[in-house]
Amino acid sequence: GTEGSAGAWTHGGTLDDWEIGAPAVLSVDPPLTTENGLSIAGTDLTGDGFYNPGEWAWFLSPPYPMPDDAMYDSVAVEVFKCLQNAPNDDAFIQVAFSDTETPPDPASPLWTNVREYYGVGEEIWDFEAIDLTAQFQAAWALGRAFYFMRFVESSGPFGERGGWNLDNIQFFAR
């Protein structure tokens, strides 16, 4: 669960409703499984369970030091998630690289989509692995020292659902 995370994750954006905790509205959000701990990260876990209309909010990792490019030839992230968006709403997983422990500005073009979800409405928790090798190879070539992950919820004016439910975010390099 999120209780064992490395470093402090932060959140922000327009109409931000990201929270860490247990889902309180199980008619909207999925119940926790044996893979979850006591809490998860998600959009509006404790209010009515629905993300906001017109929301553009993000959940941001702490800075992670870049793995040594001489030791690894591939990098991936695995996410345990259940994404419940309306057909007119989007979600993204993004990565950015920096020379410092300060993440790029939220609107910076340095944020790269590594996974895009358009109108995805999942019903169950599942693991998803995403290859980040190309992004890391470019960052190694530029000599970047840190990387960040960001999960974005982007909603339209109507039809909101449960949104992001995240846990067990793990990076792998080999």
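This report concerns the structure included in the present document. (Residues numbered from 1 in each chain as written. Predicted model: local features only at pLDDT ≥ 70, side-chain atom pairs only at ≥ 80, totals over all residues. Heavy atoms only, no water.)

Further remarks concern the packing of aromatic side chains. This model, assessed by the stated rule, comprises 14 aromatic pairs. Summarising the aromatic geometry, the rings of Phe80 and Trp125 are spaced 5.0 Å apart at their centres and angled 25 degrees between planes, so their arrangement reads as stacked. Of this pair, Phe80 sits in strand S6 (residues 75–81) while Trp125 sits in the loop between strand S8 (112–118) and strand S9 (126–131), placing them 45 residues apart in sequence. We note that Phe80, like Trp125, is buried. When the ring of Phe92 is compared with that of Tyr118, the centres are 6.0 Å apart and the planes differ by 80 degrees; the resulting orientation is edge-to-face. (Phe/Tyr/Trp six-rings, centres within 6.5 Å; stacked < 30°, edge-to-face > 60°. Helix = DSSP H or I, 4+ residues; strand = E, 2+ residues; numbered from the N terminus. Buried < 20%, exposed > 50% of the residue type's maximum accessible area, 1.4 Å probe, protein only.)

Before going further, it helps to spend a moment on the sheet that holds strand S3 (residues 40–43). Within the open sheet, the five strands sit side by side as S2-S3-S11-S6-S9. Their pairing is antiparallel. Two strands bound the open sheet, and with one partner strand each, they are strand S2 (18–21) and S9. On average, each strand axis in the sheet is tilted by 30 degrees relative to the strand beside it, whichever way the strands run. For S6 and S9, the ladder comprises six bridges, and the chain directions are antiparallel. Bridge pairing in S9 places Ala76 opposite Asp131. (Pairing = 2+ DSSP bridges. Axes fitted to C-alpha atoms, helices over the stretch in contact; angles between N-to-C directions.)

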